[in-house]
Amino acid sequence: PPPPPGKRIEIIKKTITTANQWEIYDAYVEDLERQEKQKEKKKKDDDKDKKAKQVVIDAAPTDEVSRIAKPAQIVERMVNQNTHDEIAQDFKYWEDISDEYKGNEGTLLPLWPFKSDKAKKFTVTAVHFNPKYDDMFAVGHGSYDFLKQSTGLITVYSLKNPSFPEVTYTTESGVMCLDFHPEHPYLIAVGFYDGSVAVYNLREKTNEPSYLSSAKGGKHTDPVWQVCWQENDLDNQLNFFSISSDGRVTSWCLIKNELHYTDIILIRMSGEADLDAEANMQGMGMDLACGTCFDFHKSTDYLFLVGTEEGKIHKCSKHYSSQFLDTYQAHHMAVYAVRWNNFHPRVFASCSADWTVKVWDHNYSEPMFTFDLGCSVGDVVWSPYSATVFGAVTDDGNVFIFDLAQEKYEPICQQSVVQKKKTKVTHLAFNQHYPMIAVGDDRGNAMTLKLSPNLRKCLKEKNYSKENEIAKMEKLLELVREPTAK
C-alpha cells in the first residue's frame, strides 16, 4: 500500500536537492558522451555485419574464378594457336627456298604482331627476351619526347598467346629500359623517365614493384637510359647497374625490402671520372656528361663501356673509378647503344644518331668497320649464334642484318617492317634459341620476324663452335687492322 500523505511529503523532501549550473552542465556532458559511445558501438557492429556479408558474397565468385583460371588460360592459348595456325606453321617449318638464288642476301618473314590497347599512345623503349623461357619477352613503353611525358607500361608477352599480354604493369612514369635477371627470370629491373629505378617480381600478383628507389635513397635526377643485372656481390646479394643523363653510373643492391645505391663513376666532359661529391657540389654538376648507354664485358667482370650524348665512348673499370681506362671519339652525335660481342672478347659495336654503326677492337682508337645507314640508328645488337652477325634498326622503319663473314661492306638484309609511313623502329632483340628477332616501334607495337637461312648460315656449318666463331672474327680484324692504328 502507498505511504500515508505525511510520509510522502517527507520522502519527497529527502530526494529533492539543490543543483548548481556546473552540475547540470556535467550531467549533460556525461549523457552526450554516453549517447556517442552507443552510436559508435552500433556503427562498428553494422560495419562488421556488412563486411561479413560482403565476404560471404565475394568468396564464391573468387574461388570459382581462381579454380578455372589455369584451364581458361590453356584453352585461350589453344584457340589462339588455331587462329594463328598459318603463322605457327611458318615459325616452325618455313625456310625461304629463294635464298639459294640470292647469293648472300636474306629476308625477314613477319610472324606474330603483339599489340595492346593500353600501349597505343606509347613508344616501345625496350625489348628483352627472357633468358630461361624462350617464348617470353618483355616490352617497355614510354616516350622519348619530354613534352609528352605521362605514365608508362610494362607488358610481358608469350609466343603462345600473341593476342594479349601475359602480365601488364602500369607505372607512374614512362619506362625507359628494362632487363631480366639471367638466373632469376621472374625479376625485371626497370628504369624510368623520372630517374627512379625499380624491380618487379612476376611471381607476385600485384601492380606495385617489389623494390623502388626514392629521392632519399639516391635516385637519379634525370631519365635512366639503361639498366643491367650483374653477378651477386661479395655478400651474395642481388645487384644491378643503371646509367642516366645526370652523369652517374650507379650500382643498386637489393637488401631486405630496400634498394641501396653506390655511385660507381661520375662521367665528366673533361674526360675524367670522379666520385668527389664536394667537387661536384662546387661545380654544381655543370661538368657532368650525359650518359646514354653502357654494356658490361661478357667475360671480364669489372670492364664496361659507357656511351655519352656527346658521341664519346669511355672504357671504364668498376675497380678504378677516378679515371677512364680509355676514351674513343666514336660519333658526332649521341650514342644510342654500345654492345660487346657475344664471342670475341675484344670486339664491340656502337650506333648513333649520326646515322652510323661502327665495329671496334677495344685495343684500337679507330673503328674496324663503319656503316652509314642513311638515318638515325636506334639500336644495334649482336646475334647470339655468330660472332660476325649483328642487327640494327633505324628511324625510317628499316631493319638491317649484317654478316661480316659474308659481306664486309653492305648488309645482307635491309627490310622495312612497319605498316605505316613515318613509323620509327626503336629497338631490336635476338631470341636466344629460335631463329627470330623482336622489334618495337614508336606506336607501341612489337613484331616478331623469322630469319631466312642466308641470315644464319653459320648454324649449318659442320665445324660450328665458339672457338671457330672467334677465329672467324679474328681473321676479319687482321684483314682490316692497320699496324699504326693503335
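Now for a quick tour of the structure.

What counts as what
- Residues numbered from 1 in each chain as written.
- Predicted model: local features only at pLDDT ≥ 70, side-chain atom pairs only at ≥ 80, totals over all residues.
- Heavy atoms only, no water.
- Helix = DSSP H or I, 4+ residues; strand = E, 2+ residues; numbered from the N terminus.
- Buried < 20%, exposed > 50% of the residue type's maximum accessible area, 1.4 Å probe, protein only.
- Contact = heavy atoms within 4.5 Å.
- Areas by Shrake-Rupley, 256 points an atom, 1.4 Å probe, with all protein chains shown as cover.
- Pairing = 2+ DSSP bridges.
- Axes fitted to C-alpha atoms, helices over the stretch in contact; angles between N-to-C directions.
- Polar contact = N/O pair within 3.5 Å; in protein donor to acceptor, adjacent residues only side chain to side chain.
- 1 Å grid on protein atoms, 1.4 Å probe; cavity = no way out; pocket = protein on both sides within 12 Å on 5 of 7 lines; lining within 4 Å.
- Points joined across faces, edges and corners; volume = space filled by probe spheres on them.
- Nonpolar A, V, L, I, M, F, W, Y, C, P; charged D, E, K, R; others polar.
- Expected span 1.5 Å × (residues − 1).
- Arc of directions from axis to C-beta.
- Patch = residues over 30% accessible without salt bridge, like charges linked within 9 Å, V, L, I, M, F, W, Y side chains within 5 Å.
- Salt bridge = Lys/Arg side-chain N within 4 Å of Asp/Glu carboxyl O.
- Lys, Arg positive; Asp, Glu negative; His and termini not counted.
- Charge placed at Lys NZ, Arg CZ, Asp CG, Glu CD.
- Core = buried A, V, L, I, M, F, W, Y, C linked by side-chain atoms within 4.5 Å.

**Concerning the overall build of the chain**
Logical step 1: Each helix and strand in the chain was counted, giving 5 helices and 28 strands.
Logical step 2: Split into buried and exposed, the 486 residues of the chain put 46% on the buried side.
Logical step 3: Here the analysis covers contacts within the chain between residues at least 6 apart in sequence; of these, 48% occur between residues at least 24 apart.
Logical step 4: Of the roughly 26600 Å² of accessible surface on the chain, 52% is carried by carbon and sulfur atoms.

**Section: the sheet that holds strand 19 (residues 347–352)**
Logical step 1: With respect to topology, 4 strands assemble into an open sheet ordered 18-19-20-21, the strand pairing being antiparallel. Since the sheet does not close on itself, it has two edges, and those belong to strand 18 (335–340) and strand 21 (369–372), each with one partner. If you compare each strand with its neighbour and ignore which way they point, the axes differ by 15° on average.
Logical step 2: Note: strand 18 against strand 19, 5 bridges, orientation antiparallel. Bridging from a neighbouring strand, Val-335 pairs with Ser-352 of strand 19.

**Focus on the side chain of Thr-155**
Logical step 1: With respect to the secondary-structure elements, Thr-155 resides in strand 4 (residues 152–158).
Logical step 2: At 3.0 Å, the side chain of Thr-155 forms a polar contact with the side chain of His-141.
Logical step 3: With residues near it in sequence (within four places) discarded, Thr-155 still touches Phe-137, Ala-138, Val-139, His-141, Pro-165, Val-167 and Thr-168.

**Points about the layout of surface pockets**
Logical step 1: Space inside the second largest pocket adds up to approximately 730 Å³.
Logical step 2: Lining the second largest pocket are 25 residues, and of these Gln-73, Glu-166, Val-167, Leu-202 and Lys-205 sit closest to its centre.
Logical step 3: Where the lining of the second largest pocket is concerned, the elements lending two or more residues are helix 2 (21–83) and strand 5 (167–171).
Logical step 4: At 4 residues, the largest contribution of residues to the lining of the second largest pocket is made by helix 2.
Logical step 5: Within the lining of the second largest pocket, the residues separate by chemical class into 9 nonpolar, 7 polar and 9 charged.

**Here we look at helix 5 (residues 466–480)**
Logical step 1: Taking 1.5 Å of rise per residue, the 15 residues of helix 5 would be expected to cover 21 Å, and the 22 Å separating its terminal C-alpha atoms lies within 8% of that figure.
Logical step 2: Three or more residues of helix 5 are buried, namely Glu-469, Met-473, Leu-476 and Leu-477. The buried side chains of helix 5 occupy one side of the element, clustering within an arc of 100° when seen end-on. Along helix 5, the residues that are exposed and aim more than 90 degrees away from the buried face are Glu-467, Lys-475, Glu-478 and Leu-479.

**Some words on the sheet that holds strand 26 (residues 425–430)**
Logical step 1: Here we have 4 strands laid out as an open sheet, ordered 1-28-27-26, and antiparallel in their pairing. Taken across any chain shown, the strands that pair with only one partner, and hence form the sheet edges, are strand 1 (108–114) and strand 26. Strand-to-strand twist across the sheet, computed as the mean angle between neighbouring axes with direction ignored, equals 25°.
Logical step 2: Sheet topology note: the strand 1/strand 28 (residues 446–451) ladder contains 5 bridges and is antiparallel. Among the inter-strand pairings, Phe-114 is bridged to a residue of strand 28, identified as Ala-446.
Logical step 3: Packed on one face of the sheet, helix 3 (residues 85–93) meets strand 1, strand 27 (436–441) and strand 28 and runs near 135° to strand 1.

**Focus: a negative patch on the surface**
Logical step 1: A contiguous patch of negative charge, built from Glu-23, Asp-26, Glu-30, Glu-33, Glu-36 and Glu-40, is present on the exposed surface.
Logical step 2: Inspection of the secondary structure assignment puts Glu-33 in helix 2.
Logical step 3: Here Glu-33 falls in the partly exposed class, since its relative accessible area comes to 45%.

**Some remarks on the pairing of strand 8 (residues 197–201)**
Logical step 1: Counting buried positions along strand 8 gives 5 out of 5 residues, so the element sits mostly inside the fold.
Logical step 2: Two elements, strand 7 (residues 187–192) and strand 8, share 5 bridges in a ladder whose sense is antiparallel. Bridging from a neighbouring strand, Val-190 pairs with Ala-198 of strand 8.
Logical step 3: Hairpin geometry of strand 7 and strand 8 is characterised by an intervening segment of 4 residues between the two adjacent antiparallel strands and by a positive phi of about 95° at Gly-195.

**Digging into the nonpolar core**
Here is a general trend for soluble globular proteins: nonpolar side chains tend to be buried in one another's company.
Logical step 1: One finds Val-357, Val-359, Phe-371, Leu-373, Phe-390 and Leu-404 to be the most contacted residues of the largest nonpolar core, which totals 24 residues.
Logical step 2: Breaking this core down by element, the ones donating at least two residues are strand 19, strand 20 (356–361), strand 21, strand 22 (377–382), strand 23 (389–394), strand 24 (398–403) and helix 5.
Logical step 3: Discounting residues that sit within four places of it in the chain, Phe-371 has contacts with Trp-355, Thr-356, Val-357, Val-359, Phe-390, Phe-402, Leu-404, Lys-408 and Tyr-409.
Logical step 4: Among the nonpolar cores identified, the runner-up in size contains 21 residues, and Tyr-385, Val-425, Phe-430 and Ile-437 belong to it.

**Concerning the side chain of Asn-398**
Logical step 1: By the element assignment, Asn-398 lies in strand 24.
Logical step 2: Reaching out from Asn-398, the side chain makes a polar contact with the side chain of Asp-396 at a distance of 3.3 Å.
Logical step 3: Here the side chain of Asn-398 touches Ser-416 through a polar contact of 3.2 Å, landing on its backbone nitrogen.
Logical step 4: Ignoring anything within four residues of it in the chain, the contact list for Asn-398 reads Ala-392, Val-393, Gln-414, Gln-415, Ser-416 and Val-425.

**Looking at the pattern of salt bridges**
Between side chains of opposite charge, pairing is possible as soon as their charged atoms come close.
Logical step 1: A full pass over the atoms with the stated rule returns 10 salt bridges.
Logical step 2: A salt bridge links Lys-120 to Asp-117; the nearest nitrogen and oxygen atoms lie 3.7 Å apart. The two residues Lys-120 and Asp-117 agree in class, both being exposed.
Logical step 3: Arg-346 is paired through a salt bridge with Asp-361; the nearest N and O atoms lie 3.2 Å apart. Remark: Asp-361 occurs in strand 20 and Arg-346 occurs in the loop between strand 18 and strand 19; sequence separation between them is 15 residues.
Logical step 4: Residue Asp-361 is classed as buried on the basis of its relative accessible area of 0%.

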